[in-house]
Amino acid sequence: MIAFVISSRRAYRWAGRLLPGLAVVALALCAVGLGLGLAAPDADLPFGDLSRVALLHVPAAWLSFLLFVTLAFWAVVGLVLDNRLAYMMAHALAPTGGMFSFLALWTGAMWSKGLGLGWWVGDPRQVAELALLLLYLAIVGLPALLADAGRADRGAAVVAVLGVANVPILFFAVQWWWELQLGRVIPGGPLVGSPLLLAGVVFVTVGFWIYATFSALVRLRHIILEREFVLRRTE
Amino acid sequence: MVWNSVGEFFEMGGYALYVWGSVLVTFGFMAAEQVILAMRRRTILDYLGRVRRFDDEEVDNEGQA
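Quick caveat, the model's predicted, so the values are computed rather than measured. (Residues numbered from 1 in each chain as written. Chains lettered and ligands numbered in written order. Predicted model: local features only at pLDDT ≥ 70, side-chain atom pairs only at ≥ 80, totals over all residues. Heavy atoms only, no water.)

A look at the side chain of A:Thr107
Heads up, the condition is: The secondary structure listing takes helices from DSSP runs of H or I that are at least 4 residues long and strands from runs of E that are at least 2 residues long, numbered from the N terminus. The buried label applies to any residue whose accessible area, calculated with a 1.4 Å probe on protein chains only, is under 20% of its type's maximum; exposed applies above 50%, and partly exposed to all values in between. Polar contacts, as used here, are pairs of N or O atoms within 3.5 Å; protein pairs need one atom able to donate a hydrogen and one able to accept it. Residues neighboring in sequence count only if both atoms are side-chain atoms. By definition in these notes, contact holds between two residues if any of their heavy atoms fall within 4.5 Å.
Note that A:Thr107 resides in helix H3 (residues 84–114). For A:Thr107, a relative accessible area of 0% translates into the label buried. Among the polar contacts made by the side chain of A:Thr107, one reaches the main-chain carbonyl oxygen of A:Leu103 at a distance of 2.8 Å. A polar atom in the side chain of A:Thr107 sits 3.3 Å from the backbone oxygen of A:Ala104. For A:Thr107, the contacting residues outside a window of four places in its chain are A:Val53, A:Leu56, A:His57, B:Ser22 and B:Thr26.

Written out as structure tokens, the structure reads:
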């Protein structure tokens, strides 16, 4: 329990030390993944070069799930231990998670339109991903609506804890409704036919994850400064 | 697709709009996020600089009085 109670001053310094390394690794992984996935000469892609949309769609969707679960984890820590730093971490993750949620929808629209379906199909996966985006937006918007930081913290944490139920729904929606997914057409999954594209997806996913960590820590430092020097009212 | 020319690479087998539309928007948003973060840091440091200058002026005035 004591391990969670580190001072915001120390968190600020630790985050600052991690940032340059995280930036370099994230850039390198994204560059390698993008190079592999986009340029890989591959005659056997299941849906021709449209398959390369998966290079960004899969990582963006995964990050939107992962960041919400991480956000909810910090929200629970904040609620249980009444820990300000944990709440700040939850706030720091929300905008980046919302961005990846939007990008998952955007690339999903590219994908379905490319297959000859509409931009918006309205199947359970798209609706659940849209719900996830709205949950992120609610958490991002709460501090602006509630001037009192303590109330905004607890409000956002409650939204996160209730909203995390959407993540398994979304995950299984992807598993169960395969109308647009390559899996039903190509037995064994969408990317098995192309090891280079699959490797690209893995690199970009890890790259996005480290990118998200970088952005969240930059934002955490901003939040610490703002609260430490009272740019925003706290309890 | 096995690329025979740079042009073919950009055409993406006829799916250029969807593939490049995904790539550009994704990295455009990520770049924009970094710009927004840098601007926010700038704003915070400007604010702290103003507080500090204000404080220094107060001290100077007290010294003169």
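That shown, we press on.
Comments concerning the packing of aromatic side chains
Both the distance between ring centres and the angle between the ring planes are used here to describe each pair of aromatic rings. Keep this limit in mind: Working definition: a ring pair exists when centres of Phe, Tyr or Trp rings (six-membered ring for Trp) sit within 6.5 Å. Plane angles under 30 degrees give stacked, over 60 give edge-to-face, the rest tilted. Only when the NZ atom of a Lys or the CZ atom of an Arg is both within 6 Å of the ring centre and within 35 degrees of the ring normal do we say a charge sits over the ring.
Considering all chains together, one arrives at 13 aromatic pairs over all chains under this definition. Between the NZ or CZ atom of A:Arg221 and the centre of the ring of A:Tyr12, over which it lies, the distance is 4.1 Å.

A closer look at the interface of chain B and chain A
Filter applied, for reference: Joining two parts hides part of their accessible area as seen by a 1.4 Å probe, and the buried area is that hidden amount summed over both. Here a salt bridge means any side-chain nitrogen of Lys or Arg lying within 4 Å of a carboxyl oxygen belonging to Asp or Glu. Three classes are used, and their members are as follows: Ala, Val, Leu, Ile, Met, Phe, Trp, Tyr, Cys and Pro are nonpolar, Asp, Glu, Lys and Arg are charged, and the others, Gly among them, are polar.
Across the contact, 27 residues belong to chain B and 40 residues belong to chain A. Of the roughly 3,000 Å² buried where chain B meets chain A, counting both sides, 70% is carbon and sulfur surface. Between the two partners, chain B and chain A, sit two salt bridges. In this structure, the salt-bridge partner of B:Glu33 is A:Arg219, at a minimum N-O distance of 2.7 Å. The leading source of residues in the side of chain B that touches chain A is helix H2 (residues 16–64) of chain B, at 20 residues. Taken together, the residues that form the side of chain B that touches chain A break down as 19 nonpolar, five polar and three charged.

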